[in-house]
Amino acid sequence: MKTIGIGIIGTGSIAAKHVLAIKELNDSELVAVCHHDPIKAAAAENVFGVPGYSDIQEFLAHPGLDVVCICTPSGVHLEPALAAAKAGKHVLIEKPLEISLGRADELIEACESNHVKLAVIFQNRFSPDYQKLKTAVQNGDFGRLLMGNAYINWFRDTAYYGTSRWKGTLKGDGGGAFINQGIHTIDLLLDLMGDVKSVFGQIQTALYPIEGEDLGAAVVNFENGALGNITAATSLYPGYPERLEVYGTEGSAILEAGKLIQWNIIGQPSEILSTASSNPSGSSDPTAIGHQLHAAQWKQFIEAIQLDLSPIVDGKTARKSVELIRAIYASSKSDQLLVFPFSDSE
Ligand SMILES: NC(=O)c1ccc[n+]([C@@H]2O[C@H](COP(=O)([O-])OP(=O)(O)OC[C@H]3O[C@@H](n4cnc5c(N)ncnc54)[C@H](O)[C@@H]3O)[C@@H](O)[C@H]2O)c1
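**Q** Whenever I open this one, the domain arrangement of the protein chain confuses me. Can you help?
**A** Interfaces are often sized by the amount of accessible area the parts lose when they come together. One can read the domain layout of the protein chain as domain 1 (4-123 + 294-314) and domain 2 (125-284 + 320-339). Between the C-alpha centres of domain 1 and domain 2 the distance comes to 26 Å. Listing elements by their share of the side of domain 1 that touches domain 2, those giving two or more residues are α5 (101-113) and α9 (292-307). When the residues that make up the side of domain 1 that touches domain 2 are grouped by side-chain class, the tally is 10 nonpolar, five polar and two charged.

As structure tokens, then:
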């Protein structure tokens, strides 16, 4: 099978994890990187050992480039994605898809109309314990779902926001703890519980001098009748492993930092099914995450390209977490319960 050539735009911290993940792929290789600043493009060329471009059109014309991986700040995903899609390149974007529904929709539409595949990195979908949990929910092992909760009670130190030009800003990050940190577990919650009927959210900027929120809580009504609680924060010292809870009429399970820590089904001996050796959590250190789950998602995306399948986390799926978070922000602003589908004006 033809080797798939991958290029990365944006050469910051997550780009380095992608480089490690791409090295684990059999039939794909990194062929180029791109940064708009020529000095940073040259530095990335040295570090990653492939040509570094500062001009995006020259980057997109690199021979053998098939897939573009977008690792720019969250509010700058759209522009490179549009350029890549127009050049006929498949697109893999870091989370979130984009920071507003308008920008997310433009991006999805561009990939559809240019007939290129679009996937969004939510690497925790590929954790073996999460996949066990999802299979059990789909099989009805917990019965009718009553409640699903996501708690992302994380901590970031002053330097985290102080040393970044975009984190915690409305234009660069789209907000704070929900759209940057909480979105991973919110994506899992939606994947398990299904569509949202309505939400009431409250956010605060309680600790740090940032534009976005560093503390928030929401109550969700799901279409299936279940209730949900979400908390997301970067202000809660020392930062605890993120937690996903599912309760049904027949039992419940709890996933913490990607590992099943509780598994209780009525009439069966209580057991913990954890298989994952370790899934480092970014609860207090954003660099603590590994690259293995990124590699697992890359493998599925490459397979989707080769066999013309749908990526597991496609644009429409990844849009759902953006919709819920934008609704939480709007609900907090208006102090109103908001009914879905939600559309935002920004
Ligand atoms: N999947 C995960 O677990 C995970 C973890 C961290 C970050 N992320 C996501 O990855 C993306 C990048 O995050 P990061 O931590 O690597 O950030 P970063 O600041 O370390 O890197 C961002 C890169 O984009 C470049 N850049 C900045 N402004 C730009 C602009 N206007 N146009 C083009 N490039 C620009 C920066 O110079 C840098 O090379 C974000 O969307 C973030 O949400 C995902």
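**Q** Please explain the sheet that holds strand β7 (residues 145-153) as it appears in this structure.
**A** Pairing between the strands of a sheet is mediated by backbone hydrogen bonds and can be parallel or antiparallel. On the basis of which strands lie adjacent, the open sheet formed by eight strands has the order β13-β12-β11-β7-β10-β9-β8-β14 and mixed pairing. Whereas interior strands pair on both sides, the edge strands pair on one side only; in this sheet they are β13 (259-265) and β14 (338-339). Two strands pair when backbone bridges link them, and β7 and strand β11 (residues 243-248) are joined in this way by six bridges, in the antiparallel orientation. From the neighbouring strand, Tyr151 faces β11, where its bridge partner is Arg243. Of the strands in this sheet, β11, β12 (251-256) and β13 are in contact with helix α6 (residues 128-139), which crosses β12 at around 160°. Sheet contacts for helix α8 (residues 177-193): β7, β9 (215-222), β10 (227-233) and β11; angle to β7, the most-contacted strand, approximately 160°.

**Q** Is there a simple way to explain the pairing of β12 in this structure?
**A** Regular strands show a simple pattern: their side chains alternate between the two faces of the sheet. Relative to β12, β11 runs antiparallel, the two sharing six bridges. Residue pairing across strands places Leu244 opposite Leu255, the latter belonging to β12. Here β11 folds back onto β12 in antiparallel fashion, the turn holding two residues. Relative to β13, β12 runs antiparallel, the two being bridged by six bridges. Its bridge partner being in β13, Ser252 is matched across the sheet by Asn264.

**Q** Looking at this structure, I do not really get the sheet that holds strand β6 (residues 118-120). What am I missing?
**A** Judged by pairing direction, the sheet is parallel, and its six strands sit side by side in the order β3-β2-β1-β4-β5-β6 without closing on themselves. With partners counted over all chains shown, the strands left at the sheet margins are β3 (52-53) and β6, one partner each.

**Q** What is the right way to look at the nonpolar core in this model?
**A** Burial of nonpolar side chains together is a common tendency in soluble globular proteins. Counting residues in hydrophobic clusters, the biggest one holds 92 residues, and the most contacted among them are Ala81, Val91, Ile325 and Ile328. No other element matches α8, which puts 10 residues into this core. Each of domain 1 (4-123 + 294-314) and domain 2 (125-284 + 320-339) accounts for three or more of the residues forming this core. Not counting the four nearest positions on each side in its chain, Ile325 is found in contact with Phe178, Ile179, Ile183 and Ile186.

**Q** Any chance you could explain unusual backbone geometry here in plain terms?
**A** Cis rather than trans, the peptide bond between Tyr237 and Pro238 has omega equal to 5°. Examined against the element boundaries, Pro238 turns out to sit in the loop between β10 and β11. For the bond running from Phe340 to Pro341, omega is 0°, close enough to zero to count as cis. Looking at the element boundaries, Pro341 is found in the segment after β14.

**Q** Would you mind going over the pairing of strand β1 (residues 4-9) with me for this structure?
**A** For β1, the tally of buried residues reaches five of six residues, placing the bulk of the element in the interior. Examined bridge by bridge, β1 and strand β2 (residues 28-34) share six bridges and lie parallel to one another. In the sheet register, Ile4 faces β2, and the bridge partner there is Ser28. A crossover links β1 with its parallel partner β2, the connecting element being helix α1 (residues 13-23), and its sense is right-handed. In the sheet, β1 pairs with strand β4 (residues 67-70) via four bridges, with the strands oriented parallel. Within β4, the position partnered with Ile9 by the bridge is Ile70.

**Q** Just checking my understanding: could you explain the site of the ligand for this structure?
**A** Inspection of the region around the ligand gives 21 residues, with Gly10, Gly12, Ile14, Ser74 and Glu94 positioned closest. With three residues, α1 is the single largest residue contributor to the shell around the ligand.

Rules used throughout
- Residues numbered from 1 in each chain as written.
- Predicted model: local features only at pLDDT ≥ 70, side-chain atom pairs only at ≥ 80, totals over all residues.
- Domains from an automatic or database assignment.
- Helix = DSSP H or I, 4+ residues; strand = E, 2+ residues; numbered from the N terminus.
- Nonpolar A, V, L, I, M, F, W, Y, C, P; charged D, E, K, R; others polar.
- Pairing = 2+ DSSP bridges.
- Contact = placed C-beta atoms within 7 Å.
- Axes fitted to C-alpha atoms, helices over the stretch in contact; angles between N-to-C directions.
- Core = buried A, V, L, I, M, F, W, Y, C linked by C-beta atoms within 7 Å.
- Buried ≥ 20, exposed ≤ 12 C-beta atoms within 10 Å, placed from the backbone.
- Right-handed = clockwise from strand over helix to strand, strands pointing away.
- Near = placed C-beta within 6 Å.

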